[in-house]
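# Residue-level structure breakdown
Spelled out from the first residue to the last, the chains are:
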Amino acid sequence: MKVNNKWTDSSFDQLLELLHSAFPPDNKVPRSYYLAKKKLKKLGLGYESIHVCKNDCFLFWKEHKSLQVCPVCKESRWIDKNTKGKKVAHKVLRYFPVAPRLRRLYCSRYTSKNMIWHSTGRSEDGVMRHPVDGESWQKFDVDYPDFSSEPRNVRLELAADGFNPFGNMCNPHSTWPVVLATYNLPPWLCMKESSFMLALLIPGPKAPGKDIDVFLRPLVEELKFLWQSGIRIKDAATNTFFTMKAMLLWTINDFPARSSLSGWSGQGYRACPTCNEDTPSYRAVNKVVYIGPRRFLDVDDPLRMSLKFNGQPKTRPAPRHFTNEDIQEQLGRLILRKPGKHPNTLKENMDRQGFELNWSKRSIFFELEYWSSLQLKHNIDLMHVEKNVGESLLGTSMMNDKSKDTSNAREDLKNLNIRCNQWLQKKGNKFTRPHASYSFKKPDRKIFCQFIRDVKFPDGFGSNISKKVVDNDT
């Protein structure tokens, strides 16, 4: 309530003081916000504050905790290093340890039983209902039988993305939460909000970008410990002690965040992480486009021989599979670069050599012993794909502001020498775009909008999209 209603610390102190006096004597209600936070920290619900260099290039942590100047860019740790009062750091990373929360999952006999669901609830009919039914999970079981032989060992998923905590788009600010999900739980629990664990809260105002590895250091160090040594905990369901280990199965992000985490840039002529150095691309009027999806079709598919896509048949086979040895060889050729956003550092890192392909760094996750052997390391979340593709299709059909059918797109058709009936036509001093068969005319738009207005979803299935339809002549 304090957070949602934006209570001040003093008003919250007054509430706690009231509750303390209202309950019987010797009650345990804390008498101030400060004491409440101390109690939460003792319960394992606190966090560790770690100072960060203003240029995102160094953590003042562990053996470097006492340093006053960043050893990478030589910038001061403090906003005002000459102040006589308490010094304030430029940036503070909040780190929420993972091990205490994994321990608590086994402290209850109810959640402890759910933590072995992946071992007892596997699909037996060939239908994938949970990551345990996928090839990546099963391959990991074969590669690391010692880990998989104990069903109480934990498999985690990591997700990260930026958001503006102030809700004001006029004041751009990007704070990045890093969240973990537990895949031991059944599918109706592992993706539930109450099952998520916030691991890191990366401060803004700018997105960390490829320097996110600097902030991930505490989490990776703990993941390495949980894999190598583990922690001894008590299982409330069986009333026995065991050594619990944990591993990171994969990450789930949108495409820009995937680039930051994996180290493979999502921009340029080789943006596709699957095709790698064999990415087919083409320089359009004002952007790079990727014209090779027909490579994934069957060899005898008639669409491969169609000339409507780029004026040429597609005879190129599907992209080859890059093994872990291939990736390690590519990463071994990278030039070691300093992290951070200091102007001098950015200038040094500006040019990427051809032999580095689209790699911008070696991801910190490769420090995990098992990471290079994982079959699937990074996933693109479905929500962003659905939103972006659906928005583009609908915008192009409706010919609104989100349409991809622009004058530049028509100019690209002319440059490719295809679909000449869709080229820009000059009438006097103006250019016009002929109507495309895939877009709606005015009567069609009205029929489509009326259909959307009348759609009714089951309770809880979707929002009331009829409110988004506006009656006008456009």
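These figures come from a predicted structure and were not determined experimentally.

Taken together, the eight strands give an open sheet; going across it, the order is 2-1-3-6-5-4-9-12, and neighbouring strands pair in mixed fashion. If you trace the sheet from one side to the other, it starts and ends with strand 2 (59-60) and strand 12 (378-380), each paired once. As judged from the five bridges shared by strand 1 (residues 48-52) and strand 3 (residues 91-95), these two strands associate in the antiparallel manner. Bridging across to strand 3, S49 finds its partner in R94.

Taking 1.5 Å of rise per residue, 17 residues should cover 24 Å, and helix 9 (residues 212-228) covers 24 Å from first to last C-alpha, within 8% of that figure. Along helix 9, the sharpest change in direction is near 45 degrees and occurs at P218. When you tally the buried positions in helix 9, you get twelve out of 17 residues, the bulk of the element. Looking one or two places after helix 9, you find G230, whose phi comes out positive at around 75 degrees.

By volume, the second largest pocket is sized at about 1000 Å³. For the lining of the second largest pocket, the secondary structure elements donating two or more residues are helix 2 (33-42) and strand 1. Residue contributions to the lining of the second largest pocket peak at seven residues, all from helix 2. For the lining of the second largest pocket, the class distribution of residues is eleven nonpolar, two polar and six charged.

It is worth spelling out the pairing of strand 3 at this point. Along a regular strand, successive side chains alternate from one face of the sheet to the other. Burial of strand 3 is extensive: four of the five residues sit out of reach of the surface. Here strand 3 pairs with strand 6 (residues 197-202) via two bridges, running antiparallel. Within strand 6, the position partnered with Y95 by the bridge is L200.

With that settled, consider the pattern of salt bridges. All told, the structure shown has 22 salt bridges when counted by the stated rule. Two residues, R217 and E221, come together in a salt bridge whose shortest N-O distance is 2.9 Å. Of this pair, R217 and E221 are both found in helix 9, four residues apart, which corresponds to roughly one turn of the helix. Among the charged side chains, a salt-bridge network with shared partners connects D56, K91, D211 and K341.

Rules behind the numbers
Residues numbered from 1 in each chain as written. Predicted model: local features only at pLDDT ≥ 70, side-chain atom pairs only at ≥ 80, totals over all residues. Heavy atoms only, no water. Pairing = 2+ DSSP bridges. Helix = DSSP H or I, 4+ residues; strand = E, 2+ residues; numbered from the N terminus. Expected span 1.5 Å × (residues − 1). Bend = angle between axes of the 7 residues up to and from the residue. Buried < 20%, exposed > 50% of the residue type's maximum accessible area, 1.4 Å probe, protein only. 1 Å grid on protein atoms, 1.4 Å probe; cavity = no way out; pocket = protein on both sides within 12 Å on 5 of 7 lines; lining within 4 Å. Points joined across faces, edges and corners; volume = space filled by probe spheres on them. Nonpolar A, V, L, I, M, F, W, Y, C, P; charged D, E, K, R; others polar. Salt bridge = Lys/Arg side-chain N within 4 Å of Asp/Glu carboxyl O.

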